[in-house]
Amino acid sequence: MDKEENKKKNHIVTLKDVAVLAGVSQPTVSRVINNDSSVKPLTVKKVKEAIEKLAYEIQPVHKRKGHRAPRRRPKRYLQKQIAVLTQLEPYLLHAPVYHRLLQRIEQALNQEDFNLIIKNLPKNQSWESIPNKLDGAILFNLDLSDLKLLQKLRSLPCVRVMGSTEKFDYFDHVTYECVIGDLAADYFIKHGHKTVACLGEEIGVRKQSFLKRCRSAGLVTYTDSGFSVEDESPRGHKPNFIEIYNAVEKLSKQEVLPTAIFTTSDTVAIGLHQILLAHPIMDIKKLCIIGVNNDYILDNLHPRPLSVDIQVESIANKAIERLFLRMKNPQDPIRQLYLTPVISDGANFP
């Protein structure tokens, strides 16, 4: 039974209908709707699938039976704590885009007198490393396939930031629309470029969408086989100059040189810019370069590459806003929020 059939038959779908289809009890369906963390993740998925299939309309929180007001924080807790929980490699947290995300989160929390804890969880038994007495958490690059970790996190108000979306998410999710490659391609097409290239990581959504859009518009496109865009040294975040140089050298041997290059990250754009200044394989003054993330480092380059700004500060603001709402009303429906990236020349940098 789908949404259209329900409407045609004027059948009012009940909690019992959802329970029967999902193979669970009615109280279990009620607990899933109210985001009760005691329900197993697999059961949550079955119930949400049944709700979608039957087009069951969830009532507003204040109209639900058995609704209870959220508990107030005990007065003995003198400081309010929010944690950013991540499993990202520590050196990557110093990358400009992630630094901007964490900095904006901290600024927003300080305005509300919250203390920020940044906790890097281990890959094994990560649930044991979650700090105690948290008011909420921002989840960033976490492996949520670990059911014990997922179960523990669901007892907290949580919001996911960045990363891929899930059809049935267990947490509010704030990220950006997957239109980065399309934006870069449309810019090149609009400005009359006929031969373009794409450099960066192995085939992914950004590269695939860029190449597809350019080829459909009749542009000559070159690309590499993909490489690690960063030098993964303990010193931190910097371009993989050897791989970028090799990719550029191959491009320079083409019969018709590209007039525009899309790089899948600003790290590659920065490396490309520095290589072309030191080794003029191609004329950088005649080359349009577009990166991704709108890192502030680009402002030190001349000519400055363009960049697809994923609106990381806005993502942080929306995540904190949603987390505070979740803390006040944990039974609110889970939401996925998408921000639209834009092409930036640095003038509209936050």
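In the block above lies the structure referred to throughout.
Rules used in this analysis
Residues numbered from 1 in each chain as written. Predicted model: local features only at pLDDT ≥ 70, side-chain atom pairs only at ≥ 80, totals over all residues. Heavy atoms only, no water. Pairing = 2+ DSSP bridges. Helix = DSSP H or I, 4+ residues; strand = E, 2+ residues; numbered from the N terminus. Axes fitted to C-alpha atoms, helices over the stretch in contact; angles between N-to-C directions. Buried < 20%, exposed > 50% of the residue type's maximum accessible area, 1.4 Å probe, protein only. Right-handed = clockwise from strand over helix to strand, strands pointing away. Parallel < 35°, antiparallel > 145°, perpendicular 65-115°, else oblique. Left-handed = near helix turned anticlockwise from the far one by under 90°. Contact = heavy atoms within 4.5 Å. Nonpolar A, V, L, I, M, F, W, Y, C, P; charged D, E, K, R; others polar. Core = buried A, V, L, I, M, F, W, Y, C linked by side-chain atoms within 4.5 Å.

The next point concerns the sheet that holds strand β1 (residues 80-86). Overall, parallel pairing links the six strands, which are arranged β2-β1-β3-β4-β5-β11 in an open sheet. The open sheet has two edge strands with one neighbour each: β2 (114-120) and β11 (336-339). Across the sheet, the mean angle from the axis of one strand to that of its neighbour is 20°, orientation sign disregarded. Bridge count for β1 against β2 is seven bridges, and the pairing is parallel. Bridge pairing links Ala83 to Ile117 in β2.

On to the pairing of strand β3 (residues 136-140). The side chains of a regular strand alternate between the sheet's two faces. Within β3, five of the five residues are buried, which leaves the element mostly enclosed by the surrounding structure. Burial of β3 is two-sided: the residues Gly136, Ile138 and Phe140 facing one way and the residues Ala137 and Leu139 facing the other way are all buried. Pairing between β1 and β3: five bridges, direction parallel. By the bridge assignment for β3, Ile82 is matched with Gly136. Handedness of the crossover is the feature at issue here: the chain leaves β3, passes through helix α6 (residues 147-153), returns alongside strand β4 (residues 158-161), and the resulting connection is right-handed.

Right, let's talk about the packing of helix α2 (residues 15-22) against helix α4 (residues 41-54) for a bit. At a closest axis distance of 9 Å, the pairing of α2 and α4 adopts a crossing angle of 125°. Here α4 runs oblique to α2, going by the angle between their axes. Regarding α2 and α4, the two cross each other, and that crossing is right-handed. Between α2 and α4, the contacting residues are Asp17, Val18, Leu21 and Ala22 on the first element and Lys46, Val47, Ala50, Ile51, Lys53 and Leu54 on the second. Partitioning the contact of α2 with α4 into residue classes produces seven nonpolar, no polar and three charged.

To continue, consider the nonpolar core. Of all hydrophobic cores here, the largest spans 48 residues; its most connected members are Leu101, Ile105, Ile138, Phe210 and Phe262. Per element, the largest residue contribution to this core is seven residues, and it comes from helix α11 (residues 312-328). Each residue touching Ile138, except ones within four places of it in the same chain, is listed here: Ala83, Val84, Leu85, Ile105, Val159, Val161, Ala319, Ile320 and Leu323. Membership of the second largest hydrophobic core comes to 17 residues, among which are Ala197, Ile244, Val268 and Ile289.

How two helices pack is summed up by the angle between their axes together with the distance between the axes. Close contact between helix α7 (residues 180-190) and helix α8 (residues 205-216) brings their axes to 7 Å; oriented N to C, the two are set at 30°. Of the two elements, α7 crosses α8, and the hand of that crossing is right-handed. Of α8, the residues touching α7 (which contributes Ile180, Gly181, Asp182, Ala184, Ala185, Asp186, Phe188 and Ile189) are Arg206, Ser209, Phe210, Arg213 and Cys214.

Pairing within the open sheet is mixed, and its six strands lie in the order β7-β6-β8-β9-β10-β12. Of all the strands in the sheet, the pair left with one neighbour each is β7 (220-223) and β12 (342-344). Taken pair by pair, the neighbouring strands of this sheet meet at an average axis angle of 25°, ignoring direction. In terms of strand pairing, strand β9 (residues 288-292) meets strand β10 (residues 306-309) through three bridges, oriented parallel. Bridge pairing links Val292 to Val308 in β10. Where α8 meets the sheet, its contacts fall on β6 (195-199), β7, β8 (260-263) and β9, and the angle it forms with β6 comes to roughly 170°. Contacts between helix α9 (residues 241-252) and the sheet are confined to β6, β7 and β8, with β6 contributing the most and set at about 160° to the helix.

These figures come from the coordinates and say nothing about function on their own.
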